[in-house]
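The primary structure of each chain is shown beneath.
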Amino acid sequence: MKNKGFIVFLTILISLLCIYYLSFTYVSQNIQKEATSVTAYEDGSINVSEKQRYLDSIWNEPVYNLFGIDYTYKEVKETELNLGLDLQGGMHVTLEVSPIDIIKGLSGNSTDSDFLAALDQAKQNVKGTQLNFVDEFYSEFKERAPGKELAQIFATAANRGRISLQSTDAEILDIIDTEVESAIDRSFNILRTRIDRFGTSQPNIQRLQGTGRIQIELPGVDNPQRVRKLLQGVAKLEFWEVYQQQEVAQVLTSINSLIVQEMKNNPSSAPVSEEDQKIKDDITALLGGGDEADSLATAEGDSTENDALDSLINTRQSPLFDLLVNAPQFGGLIYNVKDTAQVNRILEREDVQAIIPATMKFLWDVQPKDKGEDLTGPDLLELYPIKTNRNGKASLTGETISNATASLNERAEPEVSMQMNAGGSRTWAKMTRENIGQRIAIVLDNYVFSAPYVRGEIPNGSSSISGGFQTIEEAKDLANILKAGSLPAPTTIVEDVVVGPTLGKVAQNQGLNSIMVGLIIVIIFMVVYYAKGGLIANLALFFNVFFIMGILAQFGTSLTLPGIAGIVLTIGMAIDANVLIFERIKEELRNGAGLKAAISSGYSKAYWSIFDANVTTLIVGFILFTLGQGPVKGFAITLMIGIVCSFFSAVFITRVVVEAFSKKGDNAKISFANAFSRNALSNLNINFLGKRKLAYTFSSIFIAIGIVAMIVKGITLGVDFKGGRSYVITFDEPKSPTEIKTSLGNYFENAGTEVKTFGANNILKITTSYKIDDESDEADLQVREELINGLAETTGLTYIEDGAQLAEGNFTISSSSKVSPTIADDIKNSSYKSGIIALICIFIYIVFRFRKWQFGLGAIIALFHDTLFVLSAFAIANLAGISFEADQVFVAAVLTIIGYSINDTVVVFDRIRENMGIKSGSELIPVFNESLNNTVSRTFITSITTLIVVIVLFLFGGAVLQGFSFALLVGIIVGTYSSIFIATPVVIDLNKKEAKS
């Protein structure tokens, strides 16, 4: 093997990177344990608020030193391996920005009947599709009023200067499109700011491009209602005058005197800086230090040390002044980000509040100052002294802004142009006239986004802000913020998933148990069957899992429960690669080759089979990542990383190790089989193709029964596919699903409701379509209240909010989810698209690799067969009273089965191609049969090892993954069966002329 040194170097490099990134996870877990121990009650329960306060106090403090570099707790959390919501609890929300309200606002809330009817019909047209709302609206408007121009609707006083009666429909549509996009960007920026200030670690917010949706994940939140209010609250944009430094100096001096006097009276309560601590240490050293000094001080009193400490305190200031950063490039009150909590505690004190005038308040910058490329050090925030009115209301608010745009001025600098309506212009003229040379703060949700200096009076309401932007993107962000109050852009929660921390912990344990048990069984099997070769395969398995975890941490990707399923699956695929190699080596040894030659030939001949099999599965993973959402995307990322890692570890790392052990040639102490496995399944001569009609008949009957079962009872669809609200309820003891379903019918007005056990007989999953078309918060609260009341009356139990405190006589909602019909339609459509695109891509790849369309079509027919087989199995199980839910994760399972099945099929096709090359001109059926017999041992061993891990997943993976693992269980069996009895025979039947000749 060439390039051994490079493989070793690459392995060491990747390992060191993985250790580096995973070390942050180790540090973070230790800090979490420490926070738990210092905030635990005597009975072992945790004071959650105190724990969060403790973690907040060290958020910007160095907690990890690596090679002389200090990392704060914030940096540790940002670098650690994230856990998904399903493994730690938290909240997942998808919000939709309504284009209807934006267009209505742009029209000045026109009451034109054609205009309103077009909006309503466009809303129906785009439901469950990817159609553009503005295009649909215009099409409907012209259909209803062909002679009417958009200018008649949108040429209002508020749009003067942008839209006139002479504006064309095309021009107005461009403005509408711009406003809709701007509103979505505006909502995204506002939400991002609010989420960053919410106080949860590792929040994730992203725009779903091509839609008006924003997706938010908040790990570990314990107050979902607060989050909903935070996300849907109306943005508050205000303009405030800013005090000059000399105007606020006396107030700050008074506060400083108050704090210093308190420090003198009670030195032990004074905050001690690093410099002061050094002085204190020096004082102790002067007294002698050590245990003897302590004894002496106790005997003679602490007068000497106390005098020195008094002197120390007399020379220092309060943290309000002491923590100020000397940053002349910014001016103002500048603090390190890590010190802002200490400053806030001072300013929030009642005695300090009594000193601050009623017309003054302090607000922070929304984000740290840009220090420029040449300046390093801690992040800096400015504290602004704001000049308020006695009524506390701003003289000027965002509603007065008619438009704001970002552009480059004549000096090619980013600037923001802002226009106000008539009322706002008058107020703005007065504010700017009275504050020339001073600053006016632009404040959103009580955070200062910008505080430009006023150069002169602005009499006409048209202003420009420049000089403070590093990039045009920063200017665009401010322009969007300025428009926060100009047009209504309400956000609606269309998807809402809450996972309780208790349920998340259970899922985490179940997932880890699945990995450990599956790994242990596979490790034992490989050693028993392949002797020392099995040990080497297990080494590759270790590197595979280690690399996956490390790379997930490097990419900042969350590990989810479906992600764990992806790891379990890649364990099976990693074993498959080694099985292919070892079976080839055994075959070469049986044919009389020497050990080194057999190893070289085995790796060479297996390489392209492994490559093709992995590429086809990688195609499926990429499609899942591109089109999937939520848990599916997490599964896809883990699957793709796992495929790459398993290929590298199984093909390259094992070869380096195997060749190192086989240097002595035939005398080397390495083997790839035990006595019973050396010739197992090696001399088979089964006429597989002769049984193809029997296989066709069996498959047809089973799928037909499945179709009948689908017609009779169907498949249980999750809320992902049909919309609705779903709740996981944990009781103190087992409850009857039938009894609960009957009683809830009265509360849910006989809407469709399903109740079933969820993993344990004291846990029920309740899904209902009650009020699903009403997406308001009020409807969410009403459904929840009806559920709680119905369960309380039926069971006689009391509802408690905190699942960790569940005791006798209680029940709790462990998790909940809401999916609107629109989201459900989108998920269904993306699922269909995923399947079709996957099949097309696989067909193209197979045809490209095997140069015959018959191979591609045979593979696709087999995949259709496998998909129908799995669906039939679900329907038959449902008919038999065993209900597995079909949801997004189920789609991931079906596409994974497609990947696994094509993996099997490609290995068989690869051997057929090889044998056809060797026996050119021979009859096809004998060549195909021989190829199937050649690969039976590999197919059998791979299926066994993969089935082991999937069975473990089915047994220990928990209720969330039962449908997923059942689909995989059926899929692996039928995928192995179809590669032999469906895919290969179909290729023969498509080649009848060649087969006869």
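Draft legend 1. Molecular detail of the overall build of the protein. Counting secondary structure elements, the protein contains 33 helices and 23 strands. Considering only intrachain contacts with a sequence separation of at least 6, the fraction spanning at least 24 residues in the protein is 74%. As presented, the protein carries roughly 45000 Å² of accessible surface, and 55% of it is formed by carbon and sulfur atoms.

Draft legend 2. A look at a nonpolar patch on the surface. A cluster of nonpolar side chains, M516, I520, I524, V528 and F676, forms an exposed patch at the surface whose accessible area comes to about 500 Å². If you trace the backbone, F676 turns up in the loop between helix 23 (631–661) and helix 24 (692–712).

Draft legend 3. Geometry of the confidence of the model for the protein. Predicted confidence across the protein gives a mean pLDDT of 79, with 86% of residues reaching 70 or more. In this model residues 282–305 is a low-confidence stretch, pLDDT under 50, and it forms ten contacts with partners more than four residues away in sequence or in other chains.

Draft legend 4. Up close: the pattern of salt bridges. The full count for this structure, using the stated rule, is 23 salt bridges. Taking the shortest distance from any N to any O, the salt bridge between R349 and D351 comes out at 2.7 Å. With relative accessibility at 22%, the residue R349 sits in the partly exposed group. Residues R584 and E914 are paired through a salt bridge, measuring 2.5 Å at the closest nitrogen-oxygen approach. In this pair, R584 sits in helix 21 (residues 561–590) while E914 sits in helix 30 (residues 888–918), placing the two residues 330 residues apart along the sequence. Taking the relative accessible area as the measure of exposure, E914 reaches 23% and is therefore partly exposed.

Draft legend 5. Here's a closer look at helix 16 (residues 340–347). All of the buried residues along helix 16 are T340, V343, I346 and L347. Along helix 16, the residues classed as buried sweep out an arc of 120° about the axis, all on the same side. Packed against the buried residues of helix 16 are helix 11 (245–265), helix 15 (319–322), strand 8 (333–336), helix 17 (350–355), strand 9 (360–364) and strand 10 (380–387).

Draft legend 6. Structural context of the sheet that holds strand 16 (residues 462–466). Pairing is antiparallel across the open sheet formed by three strands, whose spatial order is 12-13-16. Single-partner strands in this sheet number two, and they are strand 12 (401–408) and strand 16. Sheet twist, expressed as the average angle between the axes of neighbouring strands with direction ignored, equals 20°. Where strand 12 lies against strand 13 (residues 414–420), seven bridges are found, and the strand directions are antiparallel.

Draft legend 7. Region of interest: the pairing of strand 19 (residues 724–731). Counting buried residues in strand 19 gives eight out of eight residues, a clear majority hidden from the surface. As judged from the six bridges shared by strand 19 and strand 21 (residues 760–768), these two strands associate in the antiparallel manner. Bridging across to strand 21, Y727 finds its partner in I766.

Draft legend 8. Quick look at the nonpolar core. Formed by 136 residues in total, the largest nonpolar core has its most connected members in F547 and F964. Looking at which element gives the most residues to this core, the answer is helix 20 (residues 501–555), with 18 residues. In contact with F547, other than residues within four places in its own chain, are T11, I14, S15, C18, C645, F648 and I653. The next biggest cluster of nonpolar side chains, apart from the first, holds 41 residues, and it includes I100, F115, I176 and L191.

Draft legend 9. Up close: the packing of aromatic side chains. For the structure shown, the criterion picks out 42 aromatic pairs. For the ring pair F698 and Y977, a centre distance of 6.0 Å and an interplane angle of 85° mean the geometry is edge-to-face. Of this pair, F698 sits in helix 24 while Y977 sits in helix 32 (residues 962–990), and the two are 279 residues apart along the sequence. According to the relative accessible area criterion, Y977 is buried, its value standing at 17%. When the ring of F731 is compared with that of F811, the centres are 5.9 Å apart and the planes differ by 35°; the resulting orientation is tilted.

Draft legend 10. Representation of the side chain of T730 within the structure. The topology assignment puts T730 in strand 19. Using a relative accessible area of 11% as the deciding quantity, one classes T730 as buried. Within the local environment of T730, its side chain forms a polar contact with the side chain of S814, the two groups lying 2.6 Å apart. In contact with T730, other than residues within four places in its own chain, are N762, I763, L806, F811, T812 and S814.

Draft legend 11. Quick look at the packing of helix 6 (residues 113–126) against helix 7 (residues 133–144). For the pair helix 6 and helix 7, interaxial distance at closest approach is 8 Å and the crossing angle is 135°. With respect to each other, helix 6 and helix 7 are oriented oblique. When the axes of helix 6 and helix 7 are compared, the crossing they make is right-handed. Here D114, F115, A117, A118, L119, Q121, A122, K123, N125 and V126 of helix 6 come into contact with helix 7, specifically with F133, E136, F137, E140, F141 and R144. When grouped by side-chain class, the residues that make up the contact of helix 6 with helix 7 number nine nonpolar, two polar and five charged.

Rules of the game
Residues numbered from 1 in each chain as written. Predicted model: local features only at pLDDT ≥ 70, side-chain atom pairs only at ≥ 80, totals over all residues. Heavy atoms only, no water. Helix = DSSP H or I, 4+ residues; strand = E, 2+ residues; numbered from the N terminus. Contact = heavy atoms within 4.5 Å. Areas by Shrake-Rupley, 256 points an atom, 1.4 Å probe, with all protein chains shown as cover. Patch = residues over 30% accessible without salt bridge, like charges linked within 9 Å, V, L, I, M, F, W, Y side chains within 5 Å. Salt bridge = Lys/Arg side-chain N within 4 Å of Asp/Glu carboxyl O. pLDDT = per-residue confidence, 0-100. Buried < 20%, exposed > 50% of the residue type's maximum accessible area, 1.4 Å probe, protein only. Arc of directions from axis to C-beta. Pairing = 2+ DSSP bridges. Axes fitted to C-alpha atoms, helices over the stretch in contact; angles between N-to-C directions. Core = buried A, V, L, I, M, F, W, Y, C linked by side-chain atoms within 4.5 Å. Phe/Tyr/Trp six-rings, centres within 6.5 Å; stacked < 30°, edge-to-face > 60°. Polar contact = N/O pair within 3.5 Å; in protein donor to acceptor, adjacent residues only side chain to side chain. Parallel < 35°, antiparallel > 145°, perpendicular 65-115°, else oblique. Left-handed = near helix turned anticlockwise from the far one by under 90°. Nonpolar A, V, L, I, M, F, W, Y, C, P; charged D, E, K, R; others polar.

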